[in-house]
Amino acid sequence: MPRKNISRRKFIGTIGCAAMGGATMMSSLINLKAAGALASPAYKMQSFDPQSDYRALICILLSGGNDSYNMLVPMEEGEYEDYQLTRSNLALEYNTLLEVNPLSGKKYGFHPSMPAVQQMFQDGDLAIVSNVGTLIEPIQNKNDFFDRLTKLPLGLFSHIDQIQQWQTSIPNDRSSLGWGGRMADLLRSSNSNQDISMNISLSGNNYFQSGNNSTEYTISPYNGGSTGIEGFGGETYLDSIKTHAIRNILEQQYTDVFQQTYVDITKTSQEAHELFSSTVNSVFFDTVFSGERLSQSMRMIARTIASQQTLGLNKQIFFLEVPGWDHHAEILDIHASMLTDVSRALGEFNEAMKEIGMHDKVTTFTISDFARTLNSNGNGTDHAWGGNVMVMGGAVKGNRFYGEYPELNTNSTLDFGGGVLIPKISTDEYFAELAMWFGVSASDLPLVLPNINTFYDPLSGVAPLGFLL
């Protein structure tokens, strides 16, 4: 069989994505890919200015479809009655709702399981973007939908397609590249340390952080986060033998360019792992995080952010998936339990950011496949479309709603049947605000969000939605 030619650059990318497979001593280096699109095998820590404009985005995916019209409920007279009538046996009792009075003037209530979120909203640290969803172009009302006057997202109401589109911001195709990855491609030079990816995932591989030249650095909520070569540097007799053997291999010089590249990247990845683990393990907070996995994941993100100066990372993008929101049955009990975890974890993280003085430099935002139907299916809800999302941080202009909270009655011009609401804000507008705050220039915004010009003029000089300072 003829031998295919392969460039060194292609080889680096290939083994980077494959990590260390097979039965070699390097097979336990799970996170070679985590070193993220290594341009140079040599580890270099350049000078880092702690006064530079650090920014971090944290994307929390509530996968399965969050029932966001029970997460946040209208409390004005007449509007609550519409909600109660439409939701029937799924409606929350009025006197259990956690009331807030946004600057828009109307009363709303957060789910009774979300006291921390209620407090952050009232304090101005959290805002709501209402009725947002995947769109190819604006849809005015249900008549446009039924008359097919506008193009619809691919695989509407499909978990697989909608989860992918929220992460890629490409609603008319099944792309494997995410808008977080495209941002990292553009802004990669912002970080002096190129051996740890700008994109850090607490949930493994994902579309959101996948770029042409960027990939995610996968870490765990526990044990220092990063994973290196198993047993390397360990204290047992067998570990010492393994460490000695691996060091001999890594210090060798190889005439074959691919062998040398393989070893160089392995060495660089191990060094990056050791720096990352030792740094984050030295971070402690007065803020107490609960033992739930979500809270521990947010704690690890907080520790990583607190380590950004030592790590040489001026911009970071985090991804965290919280599964289990597809509540076709038993929604009231399960939803309450899951919202408890989310509210508590967000509240703890918000306090930790204030503690370390990074509150205004970190923005956390939620995404979900879609909202749930307003109408009950008996004991749960089904797949819908437009819903409400949360955005949190010191740069957020909180205690506000962005977009218009929709009417929750069966005669609404946005309800095209069964309590499925047409979104009025596109994911592109939502993401554009976050991307520009993070550092993407107006002229580069279409490179990150290819469909943005359909909804927003990046050169207008006006913010897409206005929820960030």
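Residues numbered from 1 in each chain as written. Predicted model: local features only at pLDDT ≥ 70, side-chain atom pairs only at ≥ 80, totals over all residues. Heavy atoms only, no water.

As for the packing of aromatic side chains
Part 1 of the argument: Applying the stated criterion across every chain yields a total of 27 aromatic pairs.
Part 2 of the argument: Ring centres of Tyr430 and Phe467 lie 6.0 Å apart, and the angle between their planes is 55°; this geometry places the pair in the tilted category. Here Tyr430, found in helix H13 (residues 427-438), pairs with Phe467, found in the segment after helix H14 (445-448); they are 37 residues apart in sequence, far enough to count as distant. Per residue, the accessibility class of Tyr430 equals that of Phe467, and both read buried.
Part 3 of the argument: When the ring centre of Phe145 is taken as origin, the NZ or CZ atom of Arg148, which lies over that ring, is 6.0 Å away.
Part 4 of the argument: One Lys or Arg, Lys315, reaches over the ring of Phe438 and ends 5.2 Å from the middle of that ring. (Phe/Tyr/Trp six-rings, centres within 6.5 Å; stacked < 30°, edge-to-face > 60°. Helix = DSSP H or I, 4+ residues; strand = E, 2+ residues; numbered from the N terminus. Buried < 20%, exposed > 50% of the residue type's maximum accessible area, 1.4 Å probe, protein only. Lys NZ or Arg CZ within 6 Å of the ring centre and 35° of its normal.)

So, the side chain of Thr364
Part 1 of the argument: Its location among the elements puts Thr364 in strand E9 (residues 362-368).
Part 2 of the argument: Ignoring any residue separated from it by four or fewer positions in sequence, one finds Thr364 in contact with Ile58, Ile60, Leu346, Phe349, Met390, Val391 and Met392. (Contact = heavy atoms within 4.5 Å.)

Let's talk about the environment of Thr268
Part 1 of the argument: Structurally, the position occupied by Thr268 is in helix H9 (residues 257-280).
Part 2 of the argument: According to the relative accessible area criterion, Thr268 is buried, its value standing at 2%.
Part 3 of the argument: Separated by 18 residues in the primary sequence, Thr268 and Leu250 place their C-alpha atoms 10.0 Å from one another.

Brief notes about a negative patch on the surface
Part 1 of the argument: Together, Glu77, Glu81, Asp82, Glu404 and Glu407 make up a negatively charged patch on the protein surface.
Part 2 of the argument: Inspection of the secondary structure assignment puts Glu81 in helix H3 (residues 79-87).
Part 3 of the argument: Owing to a relative accessible area of 40%, Glu81 belongs among the partly exposed residues under this scheme. (Patch = residues over 30% accessible without salt bridge, like charges linked within 9 Å, V, L, I, M, F, W, Y side chains within 5 Å. Areas by Shrake-Rupley, 256 points an atom, 1.4 Å probe, with all protein chains shown as cover. Salt bridge = Lys/Arg side-chain N within 4 Å of Asp/Glu carboxyl O. Lys, Arg positive; Asp, Glu negative; His and termini not counted. Charge placed at Lys NZ, Arg CZ, Asp CG, Glu CD.)

As for the pattern of salt bridges
Part 1 of the argument: Considering all chains together, one arrives at nine salt bridges under this definition.
Part 2 of the argument: With its nearest N and O atoms 2.8 Å apart, the salt bridge here joins Asp67 to Arg87. Here Arg87 lies in helix H3 and Asp67 lies in the loop between strand E1 (55-62) and helix H2 (68-71), a separation of 20 residues in the sequence.
Part 3 of the argument: Exposure remark for Arg87: the relative accessible area of 1% places this residue in the buried category.
Part 4 of the argument: Residue Lys106 is joined to Glu79 by a salt bridge in which the shortest nitrogen-to-oxygen separation is 2.6 Å. Highlighted residues: Lys106 in the loop between strand E3 (98-100) and strand E4 (108-110) and Glu79 in helix H3, separated in sequence by 27 residues.
Part 5 of the argument: For Glu79, a relative accessible area of 26% gives the class partly exposed.

Structural notes on the sheet that holds E4
Part 1 of the argument: Ordered by their spatial adjacency, three strands build an open sheet running E2-E4-E3, and the pairing between neighbours is antiparallel. Looking along the sheet, the strands with just one partner apiece sit at the ends: strand E2 (72-74) and E3. Along the sheet, successive strands turn relative to each other by an average axial angle of 35°, direction set aside.
Part 2 of the argument: Pairing geometry for E3 and E4, over three bridges, is antiparallel. Within E4, the position partnered with Leu98 by the bridge is Phe110. (Pairing = 2+ DSSP bridges. Axes fitted to C-alpha atoms, helices over the stretch in contact; angles between N-to-C directions.)

Overview of the pairing of strand E10 (residues 387-393)
Part 1 of the argument: Most of E10 sits out of view: seven of its seven residues are buried.
Part 2 of the argument: What you see with E10 is no split at all: Gly387, Val389, Val391 and Gly393 on one side and Asn388, Met390 and Met392 on the other are buried throughout.
Part 3 of the argument: Pairing between strand E5 (residues 126-133) and E10: five bridges, direction antiparallel. Bridging from a neighbouring strand, Leu126 pairs with Met392 of E10.
Part 4 of the argument: Judged from the three bridges that link them, E9 and E10 form a sheet pairing that is antiparallel. Among the inter-strand pairings, Thr364 is bridged to a residue of E10, identified as Met392.

Structural notes on the pairing of strand E8 (residues 315-322)
Part 1 of the argument: Within E8, seven of the eight residues are buried, which leaves the element mostly enclosed by the surrounding structure.
Part 2 of the argument: Note that E1 and E8 share eight bridges and pair parallel. Each bridged residue has a counterpart across the sheet, and for Leu62 the counterpart in E8 is Val322.
Part 3 of the argument: Relative to E8, strand E6 (residues 199-201) is paired through three bridges, and the arrangement is parallel. Among the inter-strand pairings, Ile200 is bridged to a residue of E8, identified as Phe318.

A few points about H3
Part 1 of the argument: What H3 keeps buried is the set Tyr80, Tyr83, Thr86 and Arg87. Projection of H3 onto a plane perpendicular to its axis shows the buried side chains occupying an angular sector of 130°, all on one side.
Part 2 of the argument: In this structure, the buried side of H3 is in contact with H2 and E2.
Part 3 of the argument: One or two positions beyond H3, positive phi appears at Ser88, with a value near 50°. (Arc of directions from axis to C-beta.)

Details of the side chain of Glu429
Part 1 of the argument: Following the sequence through the fold, Glu429 ends up in helix H13.
Part 2 of the argument: Despite being buried, Glu429 has no salt bridge partner; Lys424 is the closest side chain of opposite charge, sitting 9.4 Å away.
Part 3 of the argument: Of the polar contacts made by the side chain of Glu429, one reaches the backbone nitrogen of Ser426; its length is 2.8 Å.
Part 4 of the argument: Glu429 has contacts with Lys424, Ile452, Phe455, Pro464 and Leu465, leaving out every residue within four places of it along the chain. (Polar contact = N/O pair within 3.5 Å; in protein donor to acceptor, adjacent residues only side chain to side chain.)

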